[in-house]
Amino acid sequence: MQFDYIVVGAGSSGCVLANRLSADGRSSVLLLEAGPRDDSLWIRVPIGYGKTMFHPVYNWGFYTEPEPHLNGRKVYWPRGRGLGGCSSINGLIFIRGQPQDYDNWARLGNPGWGWRDVLPYFIRSEDNARGASALHGAGGPLAVADIGERSELVDAFIEGAAELGFPRNDDFNGLEQEGAGYYQLTTRNGLRCSAADAYLKPARRRPNLAVETDAHATRILFDGARACGVAFRRRGVEREARAAREVLVSAGSLQSPQLLQLSGIGPGDLLNRHGIPVRRDLPGVGANLQDHLQVRVMYQCSKPITTNDDLNSWHRRIRIGLRWLLTRSGPLAIGINQAGLFARALPGAATPDLQFHFGTLSADLAGARPHDFPGFTMSVCHLRPTSRGTVAIASRDPLAAPALQPNYLGTEVDCAATVEGIKLARRIAATSAMSGYIVREHRPGPAAESDAELLEFARNHGATIFHPVGTCKMGSDPLAVVDSQLRVHGVPGLRVVDASVMPALVSGNTNWPAIMIAEKAADMILQSMPVLH
Ligand SMILES: Cc1cc2nc3c(=O)[nH]c(=O)nc-3n(C[C@H](O)[C@H](O)[C@H](O)COP(=O)(O)OP(=O)(O)OC[C@H]3O[C@@H](n4cnc5c(N)ncnc54)[C@H](O)[C@@H]3O)c2cc1C
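Residues numbered from 1 in each chain as written. Predicted model: local features only at pLDDT ≥ 70, side-chain atom pairs only at ≥ 80, totals over all residues. Heavy atoms only, no water.

Q: Just to check I follow, could you spell out the sheet that holds strand 8 (residues 184–185) for this structure?
A: Strand pairing in a sheet is mediated by backbone hydrogen bonds. Such pairs are either parallel or antiparallel. The strand order 5-6-8 describes an open sheet built from 3 strands, whose pairing is mixed. Strands with a single pairing partner mark the edges of an open sheet, and in this sheet they are strand 5 (126–128) and strand 8. One ladder, built from 3 bridges, connects strand 5 with strand 6 (residues 142–146); its direction is parallel. Opposite Asp127, over in strand 6, you have Ala143 as the bridge partner. Lying on the sheet, helix 5 (residues 115–125) is in contact with strand 5 and strand 6; it crosses strand 5 at an angle near 60 degrees. (Pairing = 2+ DSSP bridges. Helix = DSSP H or I, 4+ residues; strand = E, 2+ residues; numbered from the N terminus. Contact = heavy atoms within 4.5 Å. Axes fitted to C-alpha atoms, helices over the stretch in contact; angles between N-to-C directions.)

Below is the structure:
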């Protein structure tokens, strides 16, 4: 098997690369994906999020190590497995963060990654139903739509936030992020638009693109110092493929560093411990792990107007199912979180440092069975956590899960912002717009009052909002893994292209940023391609 490029991982970033690198027909591309094809109806239907959250096939279903600041809890970490990667199982929320996030990347030593540099790649990717503007694109591969119908409960949340002085915001990717409003979702005609739908499907028939599913990359192959191919396991059989130009690792923030470490690129002491010959001692591979912790504040609602009520009654389930089948609208087309709030929590925050995900549903765990009462959730998350963690191989077995240690709530700043977020949720609940909808606070509940009690609640119940990044960060400092062209330092022929290269987490959700990263990487790769003929 001989190709120009091998892309490892068909997630948000990998699908973009497969499309853009095969588009002009000059290069051959092999896309290797460890998981299966994305045929399930639960991937297509936005509300299938609840079904794929613990799915044994479409989800890697990782757990963190016991978390020292979460009272030793192991936190469930879903990750998409199969074509589309996480974009096939995610919450569809379309947010890219703040311009300042990208200017910060540039300031951290990454020329070409400032806001003005990345904006054209966001725009190029986008097919926003609202049309094109200075900050948005139309006609790109990634479909984006408004939530077609309003819910009185979501409207009350937005109204409640307005009572506290937060502006109404109908475009969190517009000029200002601050405020409350409905999210836009990555859907088209009531169906999920994953990166596989957006980028891979239109490219599948190209003769110069090969896609192998159920193909788990186990090791990068080298010719001297240069990466020249990938060893992978397909249905139990060991195989190899060669890359004449480059190997592009897009296995996501947990498995890109894992694959590098298994291939001898990583912290020397870790590799020595596992008996892996050190090809390149790069201490940053797997370091700098950052994630958003969500703390879900839940209420029992006074009216049976929530998604809990739809899902807990068989005749309402039939009604919403028929509605989706006939009109591609209603709760099945919306997913879980309909609205958001961006707010400033900590003194001195120049831009929002808190994000709320508001959903007309409540459950003990994200994606678990809804409560048997009408319920809703304000999920609170601190946008710029300062805690840092690690991803490290736990064994030489490439199919074994890596050890994940995010160290949530490891700093005072993170604790303070989280507590402020919970208090803000309570203030919104107490507004005249919202209070009429509330029977009681289900969690944390009235027993938790002081800051210390709220923090303890966060330690006992906080969970991921699924945005791990930073484990192969770009830069030029000693912990940097790739340069600003996403080339692995000191290893010719090898790049990492996915959310792991973010030097710092963005102040929002991470799917669109992962897509942008690959859009930009594709341009850099094509521009650096030597003319062979
Ligand atoms: C449950 C959930 C909800 C989320 N909700 C949102 C949301 O609403 N909005 C948002 O913007 N973001 C959301 N995210 C985050 C966002 O989807 C991810 O940050 C983004 O998709 C990451 O893209 P990626 O390309 O870095 O990695 P991924 O999309 O994870 O892709 C990595 C791919 O590599 C494959 N792979 C891994 N190892 C190997 C190997 N060794 N060999 C071959 N293939 C391999 C994986 O199977 C996967 O397909 C959510 C994520 C999850 C899990």
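Picking up where we left off.
Q: Looking at this structure, how should I read the state of the cysteines?
A: A covalent bond bridging the sulfur atoms of two cysteines is what the word disulfide describes. Here the structure, examined in full by the defined rule, presents 0 disulfides. Free cysteine Cys86: the closest other cysteine sulfur is in Cys15, separated by 12 Å. (Disulfide = S-S within 2.5 Å.)

Q: Explanation requested: the side chain of Ser379 in the structure shown.
A: Tracing the sequence through the fold places Ser379 in strand 20 (residues 375–382). Take Ser379: its relative accessible area is 2%, and that puts it in the buried class. There is a polar contact of 2.6 Å between the side chain of Ser379 and the side chain of Gln294. Ser379 has contacts with Gln294, Val295, Arg296, Gln355, Phe356, His357 and Ile465, leaving out every residue within four places of it along the chain. (Buried < 20%, exposed > 50% of the residue type's maximum accessible area, 1.4 Å probe, protein only. Polar contact = N/O pair within 3.5 Å; in protein donor to acceptor, adjacent residues only side chain to side chain.)

Q: Teacher, can you tell me more about unusual backbone geometry here?
A: Note: most residues except glycine have negative phi, and most peptide bonds are trans. For the bond running from Arg443 to Pro444, omega is 5 degrees, close enough to zero to count as cis. Within the fold, Pro444 resides in the loop between strand 23 (438–443) and helix 14 (451–461).

Q: What exactly am I supposed to notice about the site of the ligand here?
A: Taken together, 39 residues lie around the ligand, and Ser12, Glu33, Ile93, Thr510 and Asn511 are the ones closest in. Contact between the ligand and Glu33: an oxygen atom at 2.7 Å from a side-chain N or O atom of the residue. A distance of 3.0 Å separates an oxygen atom of the ligand from a polar atom in the backbone of Ala499. For the shell around the ligand, the secondary structure elements donating two or more residues are helix 1 (12–22), strand 12 (215–223), helix 8 (252–262) and helix 15 (511–527). (Near = heavy atom within 4 Å.)

Q: Looking at this model, I keep getting lost on the packing of aromatic side chains. Mind explaining?
A: On inspection of all chains with the given rule, the structure shows 16 aromatic pairs. Relative to Tyr76, the ring of Tyr63 has its centre 5.1 Å away and its plane inclined at 55 degrees; by these criteria the two rings are tilted. In this pair, Tyr63 sits in strand 3 (residues 62–63) while Tyr76 sits in strand 4 (residues 76–77), placing the two residues 13 residues apart along the sequence. Taken together, the ring pairs connect Phe94, Tyr102, Trp105, Trp113, Trp115, Phe122 and Trp512 into an aromatic cluster. Here Arg328 stacks its cationic end above the ring of Trp324, 4.1 Å away from the centre of that ring. The cationic tip of Arg440 hangs over the ring face of Phe373; the distance from NZ or CZ to the ring centre is 4.9 Å. (Phe/Tyr/Trp six-rings, centres within 6.5 Å; stacked < 30°, edge-to-face > 60°. Lys NZ or Arg CZ within 6 Å of the ring centre and 35° of its normal.)

Q: I tried to follow the packing of helix 1 against helix 15 on my own but got confused; where do I start?
A: Angle between the axes and distance between the axes: these two values describe a pair of packed helices. It is the contact of helix 1 with helix 15, at a shortest axis distance of 8 Å, that shows an interaxial angle of 30 degrees. Like other packed secondary-structure pairs, helix 1 and helix 15 cross with a definite hand, here right-handed. Residue-level inspection shows Ser12, Ser13, Val16, Leu17, Arg20 and Leu21 of helix 1 in contact with helix 15, the latter providing Asn511, Ala514, Ile515, Ala518, Glu519, Ala521, Ala522, Ile525 and Leu526. Residue classes in the contact of helix 1 with helix 15 are distributed as 10 nonpolar, 3 polar and 2 charged. (Left-handed = near helix turned anticlockwise from the far one by under 90°. Nonpolar A, V, L, I, M, F, W, Y, C, P; charged D, E, K, R; others polar.)

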